[in-house]
Amino acid sequence: MTFPIINDYRQALKNADKRFASLTVTPILDGAGEPEFMAGNFAAVFKAHVNPGDQLVAIKLFTRDLPQLEMRQKTTSKVIETLGARYLIDIGFMGKEIFVTSKIAGNGEFPLVVMPWVEGKSLGAVIEKLCSNQNSKALFALSKAWANLAQHMLANKIAHGDLKHDNILVTPEGQLRLLDYDSMYVPQLKGLDCVLVGGASYQHPRRTIKHFSPSLDHFSILVIALSLRALCVDPSLLAPFNTGENIIFTQEDFLAPQNSQLIQRLMASPDKIVRAWTQLLAKVAMSKSLEVPRLTRVLKDARKEPATTLQAKQDTAFVNSGLQVMA
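Let us look at the structure shown here. Predicted, not measured: the structure shown is a model, and the values here were computed from it. (Residues numbered from 1 in each chain as written. Predicted model: local features only at pLDDT ≥ 70, side-chain atom pairs only at ≥ 80, totals over all residues. Heavy atoms only, no water.)

Some points on the pairing of strand β3 (residues 43-51)
Across the 9 residues of β3, 7 count as buried, placing the element largely inside the fold. Two elements, strand β1 (residues 24-27) and β3, share 4 bridges in a ladder whose sense is antiparallel. By the bridge assignment for β3, Pro27 is matched with Ala48. Pairing of strand β2 (residues 37-39) with β3 involves 3 bridges; the strand directions are antiparallel. (Buried < 20%, exposed > 50% of the residue type's maximum accessible area, 1.4 Å probe, protein only. Helix = DSSP H or I, 4+ residues; strand = E, 2+ residues; numbered from the N terminus. Pairing = 2+ DSSP bridges.)

Topic: helix α4 (residues 136-155)
Its 20 residues place the ends of α4 29 Å apart at the C-alpha level, agreeing with the 28 Å of an ideal helix rising 1.5 Å per residue. Within α4, the full set of buried residues consists of Ser136, Leu139, Phe140, Leu142, Ser143, Trp146, Ala147, Leu149, Ala150, Gln151, Met153 and Leu154. (Expected span 1.5 Å × (residues − 1).)

Description of helix α9 (residues 272-285)
With 14 residues, α9 extends 20 Å between its outermost C-alpha atoms, agreeing within 8% with the 20 Å of an ideal straight helix rising 1.5 Å per residue. Of all the positions in α9, only Ile273, Val274, Trp277, Thr278, Leu280, Leu281, Ala282, Val284 and Ala285 are classed as buried. Against α5 (218-233), α7 (251-255), α8 (261-267) and α10 (295-301) lie the buried residues of α9. (Contact = heavy atoms within 4.5 Å.)

Description of the layout of surface pockets
Estimated volume of the largest pocket: approximately 860 Å³. Met38, Val45, Asp166, Asn167 and Leu179 are the residues nearest the centre of the largest pocket, which is lined by 32 residues in total. Listing elements by their share of the lining of the largest pocket, those giving two or more residues are β2, β3, β4 (55-62), β6 (108-116), β7 (121-122) and β8 (168-170). Considering every element that reaches the lining of the largest pocket, the biggest residue donor is β6, with 3 residues. The residue makeup of the lining of the largest pocket, split by class, is 18 nonpolar, 6 polar and 8 charged. The volume enclosed by the second largest pocket comes to roughly 230 Å³. Mapped by element, the contributors of at least two residues to the lining of the second largest pocket are α9 and α10. Here the lining of the second largest pocket gets 6 residues from one element, more than from any other, and that element is α9. (1 Å grid on protein atoms, 1.4 Å probe; cavity = no way out; pocket = protein on both sides within 12 Å on 5 of 7 lines; lining within 4 Å. Points joined across faces, edges and corners; volume = space filled by probe spheres on them. Nonpolar A, V, L, I, M, F, W, Y, C, P; charged D, E, K, R; others polar.)

Details of the state of the cysteines
When the sulfur atoms of two cysteines share a covalent bond, that bond is a disulfide. Enumeration over the complete set of coordinates arrives at 0 disulfides. Considering cysteine sulfurs only, Cys232 is the nearest to Cys131, which forms no disulfide, with 9.5 Å between them. On the basis of relative accessibility, which here comes to 6%, the residue Cys131 falls in the buried class. (Disulfide = S-S within 2.5 Å.)

Topic: the pattern of salt bridges
Pairs may arise between side chains of opposite charge once their charged atoms sit close together. For the structure on display, the rule yields 12 salt bridges. In this structure, the salt-bridge partner of Lys60 is Asp180, at a minimum N-O distance of 3.1 Å. Of the two residues, Lys60 sits in strand β4 while Asp180 sits in the loop between β9 (176-178) and α5, which places them 120 residues apart along the sequence. When the shortest N-O distance is used, the salt bridge between Lys74 and Glu70 registers 2.7 Å. Here Glu70 and Lys74 lie together in helix α2 (residues 69-83), a separation of 4 residues that amounts to about one turn. Taken together, the shared-partner salt bridges connect Arg10, Lys14 and Glu34 into one network. (Salt bridge = Lys/Arg side-chain N within 4 Å of Asp/Glu carboxyl O.)

Listed below in structure tokens is the structure:
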């Protein structure tokens, strides 16, 4: 099936009246009077109000065909609803919902996914700010939150399939939300191929679309956990190793760990957990298997506070006690 391009959808949203089969949609417009949207690899996400209730939502409109699109989306939606996990956002698939005029795809009705709009900033943006402020304490809190999220996913045998900094949202309350469930694995989809292999800076170098199982996220979970832990210990690592497409690791680090400057830096870290996780990451990256052994143990260790944040607490306590004495 051929889908419209983003500009086709923009024109449709600008004239939203009677375009939708069941929804009543009012798009949010930018300063130029154009519908607000974010573009991805397979879709564009538009911000809008829908009635009844004038709810603020995200409307995902597909620009590329995905294998078993409707079945995957509906199955994933049911699992998310059943789990009720706050890091997952409810999604609703609606077939033949929006009428679009398109020179490429022809004129017709196309499917969409609608979900509540969640305010927040990408994990990448939050990390950049915290590292700039050298806020190791907040970075540690973020790493613990990530470990808790990952443990819940592993326990429920689900996987996101494309974990990376811009698919993880941090709400104003500091809670994590996962975005984009197109390549999500749930037990009900066992036996299918994955629809994509994910961002290279987060995925095992040997991953293919044939890998589609509960262990799908193992490697990227470790990459993100180690990145957060390393930055908690040394926030200055972000500047030289962040490319805008990663946190600190790149695919080159996974392909040749022995030649990686970053891995050499991490192996010399004052934090023994950073050193142990780095050694584990390098070993798994060179393995044929995508599974990370003892990953649950790794995530439990994420709750152990690095010496740097402990020292910061002690220094703060000492300064405060000195101020009290002086008072």
